[in-house]
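# An overview of the molecular structure
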Amino acid sequence: MDKKILIVGHGLAGCTLALTFYRKNIPFKLIGCSQVGEASMASSGLIAPITGRRYVKAWRIDEFVPKALEFYRWTEGLTGGEFFFPVEIVRYLSHQEGRTAWERRLYDPEYAQYISDKKSAKLDALNRPYGIVTGGYRLDTPGWLNAVRGFLSEKGLLEIIDSPYPTDTPYEGIKIFATGAVDPSVAARVIPNKGESLLLMMPDWRIREVIKEEVFIMPLNDTEMCWVGSYYDPWPDNPSPSQEGKERLLASIEKVYNGSVKVVKHMAGVRPTVNDRRPLIGPLAGRPGQYIFNGMGTKGTSLAPFWAEQLVAHITEDLPLPAEVLPDRYIP
Ligand SMILES: Cc1cc2nc3c(=O)[nH]c(=O)nc-3n(C[C@H](O)[C@H](O)[C@H](O)COP(=O)(O)OP(=O)(O)OC[C@H]3O[C@@H](n4cnc5c(N)ncnc54)[C@H](O)[C@@H]3O)c2cc1C
């Protein structure tokens with residue numbers, strides 16, 4: 001590759017892309033400016049292979065999970081930290097329709113690695129029908145991001161800048177924008193979608209699986225802490241954590257838990273969502289040499305490693321990207 005490569009934005013997307021170039025020995029530079037509302041810093045990093053009331057597989061999940069597992073394990077080797085953990089996710093089967101759908105999936109070989117007939121004594125005691133989704137993972141996203149930023153900075157590959165890089169700055173080479181929802185100047189079609197989350201000390205919470213009640217409750221390994229979040233607030237007035245958001249999350253926890261609660265941290269982030277729920281990956285129309293790596297929406301953890309590899313192959317080997325992720329699908 002003879003052209004210089006500049007990646008703008010050092011969130012989960014930009015860092016994953018940077019490491020993918022690094023792994024292939026392709027020179028690049030990453031720049032990033034931390035701003036209020038970075039989605040990655042509020043994320044729980046969950047990969048939930050099964051979604052919806054009918055318990056269907058998430059889009060291309062059979063391809064995304066093995067890639068994510070391989071990629072995050074490799075990054076753990078690079079940084080010397082542990083960030084990617086297997087999780088099981090409880091789905092309450094409150095309605096007959098849900099129970100029937102679950103039963104059907106139990107006997108479907110296509111779902112064998114995700115839909116289980118596992119039982120847990122703690123869940124049985126609650127007297128609510130449930131099923132356990134297997135094959136999920138959780139990335140400690142802020143922890144991973146801090147470690148990766150440290151690694152890239154030490155290698156001289158990441159420059160942290162004080163104010164946002166003006167996206168129309170002339171550049172001789174290839175520019176890739178991984179700017180999330182924070183900077184709308186190159187992210188047309190990204191719908192900013194705010195979410196708030198809390199780290200709570202919940203010493204009497206005994207369930208070790210991830211639970212989706214009104215919100216997700218995700219116990220953190222070997223601690224009494226849970227990550228709790230989050231609601232969806234498209235086109236938010238501001239990206240910061242709000243008192244109202246905190247109270248809403250605490251109220252949802254009170255409905256299912258009456259033990260003691262201490263707020264350890266309150267976070268907010270703005271997810272880069274897209275109307276058709278597909279990421280925005282590829283060349284930017286009318287801007288030769290410029291690309292976008294964005295639109296990871298609610299699923300950055302599973303999407304980023306797979307699509308980073310695809311974008312790198314597209315730029316360096318001219319391999320095609322599928323039309324469903326190309327940014328020009330929205331531009332007539
Ligand atoms: C509450 C919450 C919970 C979530 N839970 C999950 C989950 O369980 N599983 C999951 O997969 N996903 C989850 N997500 C979504 C996930 O966080 C996103 O998909 C992902 O983090 C998007 O990463 P990104 O790098 O595109 O954006 P960001 O994390 O926002 O990063 C963009 C970066 O670019 C920088 N930047 C922007 N413009 C410029 C510029 N001009 N110059 C320099 N730097 C710039 C920003 O400051 C920022 O650091 C959640 C999000 C939220 C808010």
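Values in this document were obtained by computation on a predicted structure and should not be read as measured data.

Each helix and strand in the chain was counted, giving 7 helices and 18 strands. Evaluated residue by residue, the chain yields a buried proportion of 42% over its 332 residues. In the chain, the proportion of contacts linking residues at least 24 apart, taken out of those at least 6 apart, comes to 75%.

Here we take up the domain arrangement of the chain. Its domain assignment divides the chain into domain 1 (5-45 + 140-190 + 275-330) and domain 2 (191-271). Distance from the C-alpha centre of domain 1 to the C-alpha centre of domain 2: 27 Å. Facing the 14 residues of domain 1 at the interface are 15 residues of domain 2. Among the residues making up the side of domain 1 that touches domain 2, the classes are represented as 7 nonpolar, 6 polar and 1 charged.

With an omega of -10°, the peptide bond running from G229 to S230 counts as cis. Within the element layout of this structure, S230 appears in the loop between β14 (225-229) and β15 (233-234). A positive phi angle, near 60°, is found at N25, a position not held by glycine. Relative to the assigned elements, N25 resides in the loop between α1 (12-23) and β2 (29-32). Judged by local crowding, N25 falls into the exposed class, with 7 C-beta atoms found within 10 Å.

Compared with the 27 Å implied by 1.5 Å per residue over 19 residues, the 26 Å span of helix α2 (residues 61-79) between its first and last C-alpha is a close match. Of all the residues in α2, the buried ones are I61, F64, V65, A68, F71, Y72 and T75. On an axial view of α2, the arc spanned by its buried residues comes to 145°, and they lie on one face. Away from its buried face, by an angle of more than 90 degrees, α2 presents the exposed residues E63, P66, E70, R73 and G77. Just downstream of α2, G80 is the residue with a positive phi angle, here 75°.

Burial analysis of β14 places 5 of its 5 residues in the buried class, which makes it a mostly covered element. Here strand β11 (residues 191-201) runs beside β14; their pairing, made up of 5 bridges, is antiparallel. In the sheet register, M201 faces β14, and the bridge partner there is M225. Connecting strand β13 (residues 216-219) to the next strand, β14, in antiparallel fashion are 5 residues, including D222 with a positive phi near 50°.

Turning our attention to the site of the ligand. Not every one of the 43 residues close to the ligand is listed here, only the nearest: G9, G11, G180, G269 and G300. Looking at the shell around the ligand, the elements that each hand over two or more residues are α1, β2, β11, β16 (262-273) and α7 (300-317). The residue inventory of the shell around the ligand, partitioned by class, reads 14 nonpolar, 25 polar and 4 charged. The residues that make up the shell around the ligand include at least three from each of domain 1 (5-45 + 140-190 + 275-330) and domain 2 (191-271).

Turning our eyes to something else, we now look at the nonpolar core. Counting 82 residues, the largest nonpolar core has I7, L17, A18, V228, F293 and L311 as its most contacted members. Looking at this core, you find at least three residues from each of domain 1 (5-45 + 140-190 + 275-330) and domain 2 (191-271). If we skip the residues at most four places from it in the chain, I7 touches G14, L17, A18, F28, L30, I176 and A178.

By secondary structure assignment, the location of M225 is in strand β14. For the pair M225 and P203, spaced 22 residues apart in the sequence, the C-alpha separation amounts to 7.3 Å. When residues no more than four places from it in sequence are discounted, the contact partners of M225 are L199, L200, M201, L220 and V264.

Let us look at α7. With 18 residues, α7 should cover 26 Å at 1.5 Å per step; its first-to-last C-alpha distance of 24 Å lies within 8% of that length. Taken as a whole, α7 has its buried residues at G300, T301, S302, L303, A304, P305, W307, A308, L311, V312 and I315. At the C-terminal side of α7, D318 shows a positive phi close to 65°.

The rules behind these values
Residues numbered from 1 in each chain as written. Predicted model: local features only at pLDDT ≥ 70, side-chain atom pairs only at ≥ 80, totals over all residues. Helix = DSSP H or I, 4+ residues; strand = E, 2+ residues; numbered from the N terminus. Buried ≥ 20, exposed ≤ 12 C-beta atoms within 10 Å, placed from the backbone. Contact = placed C-beta atoms within 7 Å. Domains from an automatic or database assignment. Nonpolar A, V, L, I, M, F, W, Y, C, P; charged D, E, K, R; others polar. Expected span 1.5 Å × (residues − 1). Arc of directions from axis to C-beta. Pairing = 2+ DSSP bridges. Near = placed C-beta within 6 Å. Core = buried A, V, L, I, M, F, W, Y, C linked by C-beta atoms within 7 Å.

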